[in-house]
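A structural walkthrough
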Amino acid sequence: WSFVYNLYTAYAVCKSIPEAALEAIKNVHNGAMHLWFIFVILGLYIVLPFVKRMCEGLTKREAEGFILLSMAVTFLPKTLSSFEVFKPFVEYIGKFEICYAAGYVGIFVAGWYIDTFERSRKERLISYASGIIGFVYMFALTMHFSIEKGIVVDEFMSYKSVGAFLMAAAVLTW
């Protein structure tokens, strides 16, 4: 499937089938995978029984701490990467690939947290407002940096964006 996807996208740019085929082969060889998330999902399914056992022993406060730590290592580097002053920090943190362990598992734990712990009306309203803020954040920063750089900057529209997490949490809270 990755070859077909890469062939299609390369053809859209190259306009020549032989040139597109060579580009697609090169992309697949270099690891350009269209369905990359399938491997992440399989990994999560493998560790899910252990995560479930871990969650059963967490207090509400510990779960909140884990979710905040997970958010920091998953979403903060992606958000800071658009600011030149933070580029060295983001490159350094990126070498650890922490988001694969803490990030995706953290999103699972956040879903468990939302499902498990009762929240007051005020907490739910804060979650809904955060979802709206996340939506505005994604579009406002995308527009700002796209205009500033003169190209489409879509980092803030990513699944690793703080805005995406806030919107997902608001929907789950519903």
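Keep in mind that this is a model prediction, so the values were computed, not measured.

One pass over the full model with this rule turns up 5 aromatic pairs. With a centroid separation of 5.5 Å and an interplanar angle of 85 degrees, the aromatic rings of Trp112 and Phe117 are classed as edge-to-face. For the pair Phe135 and Phe139, a centre-to-centre distance of 4.8 Å together with 55 degrees between the ring planes defines the contact as tilted. Taken together, the residues Phe135 and Phe139, both in helix α7 (residues 121-149) and 4 residues apart, mark about one turn of the helix. Here Phe139 falls in the partly exposed class, since its relative accessible area comes to 39%.

Within the secondary structure layout, Ser146 lies in helix α7. Overall, the relative accessible area of 15% leaves Ser146 in the buried class.

Between its first and last C-alpha, helix α3 (residues 37-56) extends 26 Å over 20 residues, near the 28 Å set by a 1.5 Å rise per residue. Along its length, α3 reaches its greatest deviation from straightness, about 50 degrees, at Val47, and the proline Pro49 lies no more than four positions downstream. Looking at α3, one finds that the buried residues are Val40, Leu44, Val51 and Cys55.

Now for the nonpolar core. The biggest cluster of nonpolar side chains holds 17 residues, and the ones touching the most others in it are Ile67, Val109, Tyr113 and Phe165. Where this core is concerned, the elements lending two or more residues are α3, α4 (60-80), α6 (98-116) and α8 (162-173). For this core, the leading source of residues is α6, giving 6 residues. Beyond its immediate chain neighbours, meaning those up to four positions away, Val109 contacts Val51, Met54, Cys55, Phe66 and Ile67. Within the second largest apolar cluster, 6 residues are counted, among which are Met138, Phe145, Val153 and Phe156.

One can describe the packing of α7 onto α8 by two numbers: an axis separation of 7 Å at closest approach and a directional angle of 145 degrees. For the pair α7 and α8, the crossing hand works out as left-handed. For the pair α7 and α8, contact is made by Arg124, Ser127, Tyr128, Ser130, Gly131, Gly134, Phe135, Tyr137 and Met138 and by Val162, Gly163, Ala164, Leu166, Met167, Ala169, Ala170 and Thr173, respectively. Split into classes, the residues belonging to the contact of α7 with α8 amount to 10 nonpolar, 6 polar and 1 charged.

Reading the values: rules and limits
- Residues numbered from 1 in each chain as written.
- Predicted model: local features only at pLDDT ≥ 70, side-chain atom pairs only at ≥ 80, totals over all residues.
- Heavy atoms only, no water.
- Phe/Tyr/Trp six-rings, centres within 6.5 Å; stacked < 30°, edge-to-face > 60°.
- Helix = DSSP H or I, 4+ residues; strand = E, 2+ residues; numbered from the N terminus.
- Buried < 20%, exposed > 50% of the residue type's maximum accessible area, 1.4 Å probe, protein only.
- Expected span 1.5 Å × (residues − 1).
- Bend = angle between axes of the 7 residues up to and from the residue.
- Core = buried A, V, L, I, M, F, W, Y, C linked by side-chain atoms within 4.5 Å.
- Contact = heavy atoms within 4.5 Å.
- Axes fitted to C-alpha atoms, helices over the stretch in contact; angles between N-to-C directions.
- Left-handed = near helix turned anticlockwise from the far one by under 90°.
- Nonpolar A, V, L, I, M, F, W, Y, C, P; charged D, E, K, R; others polar.

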